[in-house]
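# Structural features, examined
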Amino acid sequence: FQIYLYFSLTGCVTCLDHDEHYILTFPNGYGRQVNVLIVIFIFNALSILTVPWIELGGECSINCSKTGYNASIVFHTKPFYGGKKHRITAEIFSPNDKKPFCSIEGEWNGVMYAKYSTGENAVFIDTKKMPTIKKKVRKLEDQDDFESRCLWKDVTYNLKIRDIDAATAAKH
């Protein structure tokens, strides 16, 4: 089975040191689980569900209006037979260019490799070696009523203490 989440959102990442704003779109999300049918001898059959996983899929873009640089990104979903999960390809373009100066492929949650138009090949990023950076979030008392943590604080609290009924009530 699969659950499909379609995101028609855009985000903005600001690079303060350069006063650059990058507008980006997001991939779709899929909750997947495969039902494997195993035939035992001739008459008996056994059905086993695999471990579910979340998969990203679809096309995204990143654009900077100040510099004109842009990127096209594709999150590839795993084919039904064979193939790998978490694959990604991307092309990065200079302003007004139709040919990418850099092509990227690999796994979005692992190692991605870059191939530059100069012929150079290199590791673009290894997400497994990146340090985890703790989020910086303002204290609840400093947040407006409709900021995410403030808005959902009662739901979060009740989920932590495993009171599903209170968490559900807090959503309304």
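As the structure is a prediction and not an experimental result, all values here were calculated from the model.

## Focus on a nonpolar patch on the surface
Among the surface-exposed residues, Phe146, Leu151 and Trp152 lie close enough to one another that they form a single nonpolar patch of about 370 Å² accessible area. Within the secondary structure layout, Leu151 lies in helix α1 (residues 148-151). On the basis of relative accessibility, which here comes to 42%, the residue Leu151 falls in the partly exposed class.

## Some thoughts on the nonpolar core
Grouped together as the largest cluster of nonpolar side chains are 11 residues: Cys60, Ala71, Ile73, Phe75, Ile88, Ala90, Ile92, Cys102, Ile104, Met112 and Ala114. Those elements that provide at least two residues to this core are β8 (70-76), β9 (87-93), β10 (102-107) and β11 (111-116). When residues no more than four places from it in sequence are discounted, the contact partners of Ile104 are Ile88, Thr89, Ala90, Ile92, Met112, Tyr113, Ala114 and Phe124.

## Digging into the packing of aromatic side chains
Applying the stated criterion to the full structure yields one aromatic pair. Centre to centre, the rings of Tyr69 and Phe101 are 6.0 Å apart; their planes meet at 85°, and the pair counts as edge-to-face. Note that Tyr69 is positioned in the loop between β7 (53-64) and β8 and Phe101 in the loop between β9 and β10, a separation of 32 residues in sequence. Under the relative-accessibility criterion, Phe101 is labelled partly exposed at 27%.

Parameters and conventions
- Residues numbered from 1 in each chain as written.
- Predicted model: local features only at pLDDT ≥ 70, side-chain atom pairs only at ≥ 80, totals over all residues.
- Heavy atoms only, no water.
- Patch = residues over 30% accessible without salt bridge, like charges linked within 9 Å, V, L, I, M, F, W, Y side chains within 5 Å.
- Areas by Shrake-Rupley, 256 points an atom, 1.4 Å probe, with all protein chains shown as cover.
- Salt bridge = Lys/Arg side-chain N within 4 Å of Asp/Glu carboxyl O.
- Helix = DSSP H or I, 4+ residues; strand = E, 2+ residues; numbered from the N terminus.
- Buried < 20%, exposed > 50% of the residue type's maximum accessible area, 1.4 Å probe, protein only.
- Core = buried A, V, L, I, M, F, W, Y, C linked by side-chain atoms within 4.5 Å.
- Contact = heavy atoms within 4.5 Å.
- Phe/Tyr/Trp six-rings, centres within 6.5 Å; stacked < 30°, edge-to-face > 60°.

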